[in-house]
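Chain by chain, the residues run as shown.
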Amino acid sequence: MASPNSVKILDICEVAAAYDSTKSATEKILSPTFFELSGLRFPPSECLWFFKLTDSNPTFFHSVIFPSLKQSLSHALLHFLPIVGGLTWPPESSRPFFVYHLNKDSVTVTLAECNGDFDRLIGNGIHEAVESHPYAPQFVATETRSPLLALQVTFFPNKGFCIGMATHHAIFDGKSTSMFLRAWAYTSKYIVEKGEAPRLLPGEITPSFEWKSIQDSKGLEEAYINLWATIGNRLESGSDSNPRSVKPLPKLELQPNLLRANFHLSSEVIKNLRESVLRYQPEATDPTKRLNLSTYVLACSYVSICLVKARGGDADREVYFAWSADCRSRLDPPLPPNHFGNTAVVHHFVCKAGDFMQENGLPIIAEKLSASIMGLEKGLIEGSNERLEMLLSLGPEVQLISVAGSTGMEFYNVDFGWGNVEKVEITSIDRTGSFSVLDIRNGSDRRTEIGVALKRPEMESFASFFSNGVKVMPRL
């Protein structure tokens, strides 16, 4: 088992955006919209990408791979200049800003080496959650300035390497994270194959920072600024909380003896889940009344049922199911698919634990999640600040189930020039209690990957419920 002591930090370097003679401005300022302000002080999201190498001796890695990763990162950052800078809140300003200084800002990249069990880490077996945390980068922020991105590359001699990424919720949502990582990987593979950096990126991974078209018709910008000042005072009690602080709130403590594992739903299983729902609720002839039975809805519904059953307890207790909607295509006018920023809005529904535990629990929960998604047409952002405050204030007596990630984000469609990613792990779910949803597409092999982090008794129960439903179970 890997432990923090098995990871050795070799270097901490700063990577700036590549020089471009056409960019003469020394400072770039970007004003956040209410979307970015909604994530102003959330702890950073952490994700790991593991790559297996057939030729990963130390000489080749340190002389070829790591220099290439830094070079390609520098060129990729040229297209994503705002994330090279930081988030700051000047004393004379009523709101925070993203500021990038062309000649002095950079992204911190940590180089580490590990003698841990790489094959175990890239497997789907149940393992202690703490094993993965040494591969996530440190995110160093102050009250007056916070970085937006931190990276760590961990080398496993003769096995492979891991890229760990910590991203600030104030500018990154899942789609923006995927866009940046795929742009970096595209640039790296291009350099490996052609010996030079590409001048342009494919359209789908060329970011658009045209935020001015987003209109704040509901006064959400001020509402979020006030909300974070209130939450900061409450969660940082005992200290002189600074309402203008941009430092992310402290991470939740990692629970002891926490386990994590990945489970998979094949396309055939998703089809069976859909048919199971339709047996209870035949498809309506009226298109406006049909359920949204997407892979995302079915996977989230099934996993949430397994989680509630694994928790057990009082069937009358309330369960809050929280999920995030990508608003790019839902705004009027819509944003382009390559819009870069945090455009996710949290929505939720509430029901009793007993609804999940019933024999027809899957149709019940799928209908509720479907209705929540369909309701976006009438209320995409209304009440979003009150909803966020309410979810952050829930007590321990309530079971909060939330989703990290989504289908269609292409976290597994990443190749830096030495082979496609072997394993992806959203590490931050260990602290938030969320479960992750990602899709894997490799030719005809299409699966939905579920990541969960639970205490041992709940993990064993979850694995049993999950297996009984789909006949798929990770190694114990």
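To keep things clear, this report deals only with the structure shown in the data block.

Calculation notes
- Residues numbered from 1 in each chain as written.
- Predicted model: local features only at pLDDT ≥ 70, side-chain atom pairs only at ≥ 80, totals over all residues.
- Heavy atoms only, no water.
- Helix = DSSP H or I, 4+ residues; strand = E, 2+ residues; numbered from the N terminus.
- Buried < 20%, exposed > 50% of the residue type's maximum accessible area, 1.4 Å probe, protein only.
- Contact = heavy atoms within 4.5 Å.
- Areas by Shrake-Rupley, 256 points an atom, 1.4 Å probe, with all protein chains shown as cover.
- Lys, Arg positive; Asp, Glu negative; His and termini not counted.
- Charge placed at Lys NZ, Arg CZ, Asp CG, Glu CD.
- Pairing = 2+ DSSP bridges.
- Axes fitted to C-alpha atoms, helices over the stretch in contact; angles between N-to-C directions.

1. Digging into the overall build of the protein
Scanning the protein from terminus to terminus reveals 13 helices and 17 strands. Overall, the C-alpha framework of the protein stretches about 65 × 55 × 50 Å when taken along its three principal axes. Across the 476 residues of the protein, 53% fall into the buried class. The long-range fraction of contacts in the protein, counting pairs at least 24 apart against all pairs at least 6 apart in sequence, stands at 80%. In the form shown here, the protein has an accessible surface area of approximately 21200 Å², with 49% of it arising from carbon and sulfur atoms. Positive and negative charge centroids in the protein, built from 46 and 53 side chains respectively, lie 2 Å apart.

2. Brief notes about the pairing of strand β10 (residues 160-167)
Burial analysis of β10 places eight of its eight residues in the buried class, which makes it a mostly covered element. Sheet topology note: the strand β3 (residues 45-52)/β10 ladder contains eight bridges and is antiparallel. Note that in β10 the partner of Lys 52 across the bridge is Gly 160. The turn linking strand β9 (residues 149-156) back onto β10 is made up of three residues, and Asn 158 within it adopts a positive phi angle of 65°.

3. A word on unusual backbone geometry
Put simply, Asp 332 and Pro 333 share a cis peptide bond, and its omega is 0°. For Pro 333, the location among the structural elements is in the loop between β12 (318-326) and β13 (344-352). One non-glycine residue with positive phi stands out, namely Asn 158, at about 65°. Secondary-structure assignment places Asn 158 in the loop between β9 and β10. Phi is positive for Asn 257, which is not a glycine, with a value near 60°. For Asn 257, the position within the fold is in the loop between α6 (220-235) and β11 (258-266).

4. What to know about the sheet that holds β9
In spatial order, the strands read β1-β6-β9-β10-β3-β15; together these six strands make up an open sheet with mixed pairing. With partners counted over all chains shown, the strands left at the sheet margins are β1 (7-15) and β15 (423-425), one partner each. Strand-to-strand, the axes of this sheet are offset by a mean angle of 15°, without reference to chain direction. Summarising the sheet, β3 and β15 pair through three bridges and their orientation is antiparallel. Bridge pairing links Leu 48 to Glu 425 in β15. Relative to the sheet, helix α5 (residues 174-194) contacts β3, β9 and β10, its axis offset from that of β10 by approximately 140°.

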